[in-house]
Amino acid sequence: MTLRLHDTATRSVRDFVPREAGKVAMYLCGLTVQSEPHIGHLRSGVSYDVLRRWFERTGYQVTFVRNITDIDDKVLQKSLEQGRPFWAIAYANEVVLDAAYRALNVLPPTYSPRATGHITEMHSLIKTLIDLGHAYVAEDGSGDVYFDVKSYADYGSLSGQRVDEMTSSADSPERAKRDPRDFALWKGFKSEEPVEAQWTSPWGPGRPGWHIECSAMCMRYLGPEFDIHGGGLDLTFPHHENEIAQSRSAGLPFARYWVHNGLLNLGDSKMGKSTGNVLDLDYVSALGVRMVELRHYFVSVHYRSRIDYSDESLRESATAYRRVEGFVQRAVESVGAIPAGELPTEFTEAMEDDLNTSGAIAVVHEHVRIGNTALAKGDDEGVRAALGTVRAMLDVFGIDPLDPAWSTASTGGTPGEELREVIDSLVALALEQRAQARARKDWSAADAVRDQLNEAGVNVEDTPHGPRWTIGTRD
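In this text the structure is predicted, and so the values were computed from the model without any measurement. (Residues numbered from 1 in each chain as written. Predicted model: local features only at pLDDT ≥ 70, side-chain atom pairs only at ≥ 80, totals over all residues. Heavy atoms only, no water.)

### Quick word on the overall build of the chain
Our working definition: Secondary structure elements are defined from DSSP: runs of H or I of at least 4 residues count as helices, runs of E of at least 2 residues count as strands, and each element is numbered from the N terminus. Each residue is assigned to one of three classes by its accessible area relative to the maximum for its type, calculated with a 1.4 Å probe on protein chains only: buried under 20%, partly exposed between the two thresholds, exposed over 50%. Throughout, a residue-residue contact means that at least one pair of heavy atoms, one from each residue, lies within 4.5 Å. Only the protein chains shown count as cover for residues, and the accessible areas themselves come from Shrake-Rupley with a 1.4 Å probe. Only four residue types enter the tally: Lys and Arg on the positive side, Asp and Glu on the negative side; His and the chain ends are excluded. The atom standing in for a charge is NZ when the residue is Lys, CZ when it is Arg, CG when it is Asp and CD when it is Glu.
For the chain, the helix and strand inventory stands at 14 helices and 15 strands. The principal-axis extent of the C-alpha atoms belonging to the chain is close to 90 × 50 × 35 Å. Within the chain, buried positions represent 52% of all 475 residues. For the chain, restricting intrachain contacts to residue pairs at least 6 apart in sequence, the fraction spanning at least 24 positions comes to 73%. When the accessible surface of the chain is summed, it comes to about 20,800 Å², and 50% of that surface belongs to carbon and sulfur atoms. Side-chain charges of the chain comprise 50 positive and 69 negative groups, with the mean position of each set lying 1 Å from the other.

### Focus: the UniProt feature "binding site: Zn(2+)" (unreviewed entry) in the chain
Which entries qualify depends on this criterion: UniProt positions are given in the numbering used here, feature names are shortened, and annotations may be inferred rather than shown by experiment. Distance and chemistry together define a polar contact, namely a pair of N or O atoms within 3.5 Å, with one atom able to donate a hydrogen and the other to accept it when in protein, and with adjacent residues in sequence counting only for side-chain atoms on both sides.
Residues given the UniProt feature "binding site: Zn(2+)" (unreviewed entry) here are C29, C214, H239 and E243. For the annotated residues, spread through 215 residues, the largest C-alpha to C-alpha distance comes to 11.1 Å, consistent with a single compact locus. The contacts of C29, once residues within four sequence positions are left out, are N67, C214, H229, G230, L235, H239, H240 and E243. By secondary structure assignment, the location of H239 is in helix α6 (residues 236-249). Of note is the side chain of H239, whose polar atom sits 3.0 Å from the side chain of H211.

### Focus: the state of the cysteines
Where we set the bar: Cysteine sulfur atoms that pair up within 2.5 Å are treated as a disulfide.
This structure, assessed with the given rule, holds zero disulfides. The thiol of C29 is not disulfide-bonded; the next cysteine sulfur, from C214, is found 3.8 Å away. Unpaired in this structure, C218 has its nearest cysteine sulfur neighbour in C214, at a distance of 6.2 Å. Residue class for C218 comes out buried when judged on its relative accessible area of 0%.

### A word on the nonpolar core
The test is simple: Each nonpolar core is a collection of buried residues, namely Ala, Val, Leu, Ile, Met, Phe, Trp, Tyr and Cys, held together in the definition by side-chain atoms within 4.5 Å.
Membership of the largest hydrophobic core comes to 76 residues, with the highest contact counts inside it found for I39, F55, I228, F298, F347 and F397. For this core, the leading source of residues is helix α12 (residues 380-397), giving nine residues. Apart from the residues lying within four places of it in its own chain, the contact partners of F55 are L3, L5, F16, V24, M26, Y60, V62 and I228. One finds V75, F183, C214 and A255 within the second-largest nonpolar core, a separate group that totals 43 residues.

### Points about α6
Rule in force here: One less than the number of residues in a helix, times 1.5 Å, gives the span that helix is expected to have.
With 14 residues, α6 extends 18 Å from end C-alpha to end C-alpha; this agrees with the ideal 20 Å at 1.5 Å per step. Among the 14 residues in α6, 11 count as buried, and that is most of the element. Restricting attention to buried positions, one finds in α6 the residues T236, H239, H240, E241, N242, E243, I244, A245, Q246, S247 and S249. Where the residues of α6 are buried, they touch α4 (119-131), β6 (145-147), β7 (183-188), α5 (210-222), β9 (225-232) and β10 (254-261).

### Here we look at the sheet that holds β7
Let me state the cut-off plainly: Two strands pair if DSSP finds at least two bridges between them. Orientation is described by lines fitted to C-alpha atoms, with helices fitted over the stretch in contact, and by angles between N-to-C directions that extend from 0 to 180 degrees.
Taken in spatial order, the four strands line up as β5-β6-β7-β8 in an open sheet, and their pairing is antiparallel. Two strands lie at the open edges of the sheet, namely β5 (135-137) and β8 (206-208), each paired on one side alone. Here the average twist between neighbouring strands, direction ignored, is 20 degrees. Strand direction decides the pairing type here: β7 and β8, joined by three bridges, are antiparallel. Its bridge partner being in β8, K187 is matched across the sheet by R207. The sheet contacts of α4 involve β5, β6, β7 and β8, and relative to β7 the element is tilted by about 120 degrees.

### Considerations on the packing of helix α8 (residues 291-299) against helix α9 (residues 311-335)
Each pair of packed helices can be described by the angle between their axes along with the distance between the axes. Quick reminder of the rule: Every angle not falling under 35 degrees, over 145, or within 65 to 115 is termed oblique; those three ranges are roughly parallel, roughly antiparallel and roughly perpendicular. We call Asp, Glu, Lys and Arg charged. Ala, Val, Leu, Ile, Met, Phe, Trp, Tyr, Cys and Pro are nonpolar, and the rest, Gly among them, are polar.
The contact between α8 and α9 brings their axes to 8 Å, and the two run at 105 degrees. In terms of axis orientation, α8 runs roughly perpendicular to α9. Along its contact with α8, which presents V292, E293, L294, H296 and Y297, the element α9 presents S313, L314, S317, A318, A320, Y321 and R322. Of the residues assigned to the contact of α8 with α9, the class counts are seven nonpolar, three polar and two charged.

### Observations regarding the pattern of salt bridges
Keep this limit in mind: A side-chain nitrogen of Lys or Arg and a carboxyl oxygen of Asp or Glu constitute a salt bridge if their distance falls within 4 Å.
A complete count under the given rule lists 27 salt bridges for this structure. In this structure, E121 and R220 form a salt bridge, with 3.6 Å as the shortest nitrogen-oxygen distance. Here E121, found in helix α4, pairs with R220, found in helix α5; they are 99 residues apart in sequence, far enough to count as distant. For R162, the salt bridge identified is with D164, shortest N-O distance 3.3 Å. Summarising the burial analysis for this pair, R162 and D164 share the class exposed. Several salt bridges converge on common partners, so that one network encompasses D73, K187, E193 and R207.

### As for unusual backbone geometry
Cis peptide bonds are those with omega within 30 degrees of zero, and the linkage from F237 to P238 qualifies with 5 degrees. If you trace the backbone, P238 turns up in helix α6. Residues other than glycine seldom take positive phi values, yet R11 does so here, at roughly 55 degrees. Mapping R11 onto the fold places it in the loop between β1 (4-7) and β2 (12-15).

Below is the structure:
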């Protein structure tokens, strides 16, 4: 089977053919760290983490780059509002972002470059564009440099727009532009901006425009041509459109496939920091939903589909995951921790069909059903087979309950997880009291302990191997 991916540039699902056999080079537009991440951002991280895991599962060597935008208009605005250096704000939010990725078991990228670390590469790329007649220095003495949109004949092809129907670019004042649709490659320093937010350049002190940052970092880490460029659907225009224009105008073949994930909506609009329409990991934890359950919520929906968030849908997804987790726990108690086995053909077919995770999750639940039947019959061989298969599929999604990544230590203090050891101890004490009551045949006392645990959201199940408890909804 061959992986087929939806390519935004061709508006079609295409066979994936890597530039170099056996290797995949991927670039994901990371966050602008003017504030802490919300779950809409993290959906993108999980989506491309699953794509990366699938490539690695099917034998590819993956180079994965996810950048950090630590200098742009939004970061500088926060600096002025808070009276703090822009770099301090950016770094503090980057630390929170990294912790959130770890909490969701998102594998670290091969490289995680910051825009401010690649000013030299941006200068080189801008100079090439000026020399080739695709960019110009503003004549008003501002030090601004603009890309000449009309100099690139295919401008608008990624997003399907016509140049003559576009409105002006809002990334800088129009007075110095030859055409209002031209966009900034370099922004001359302005007196009202933080003094530390400037670098010397051939065109005067200033800072880079947003779009040139990613083109420079792609070239630095992946070369002039690479396989996949990813990001949220909202980045298609103008960001990715501008990346293509400036990169190809500079003679770089650039990305072979453009893969965009759908957005996560809250109410009638996408989740966005600019509107304050956001939910973070603390909010999710307060609902009693674990990070592994949030990740399950993300992967249960096809990466290109929009998610209309609600607390109810998240809790329903968490309940579905707990059924899977429950099977794994019961199976391990019965036959031991069987390692991940082979993937079912129907699972592989779903994943190769444009990473159809929703279809693949259905296969997981079917094999959980088979495994539960085997448990009920005492069929240890059937349990072993089902457990190995289920763990293999869950590993692709990064949600195997037995993955050490879901321990407290490896998540770096995930919200809510830091109390797990305390809860373990308290529940163990309560279950010991229940066991003592049962031993002396004080059934009412034993039932009272169980009822109190259930009222607190701890479900107790008696198994041949002793009582097993899980956190769930109250009966």
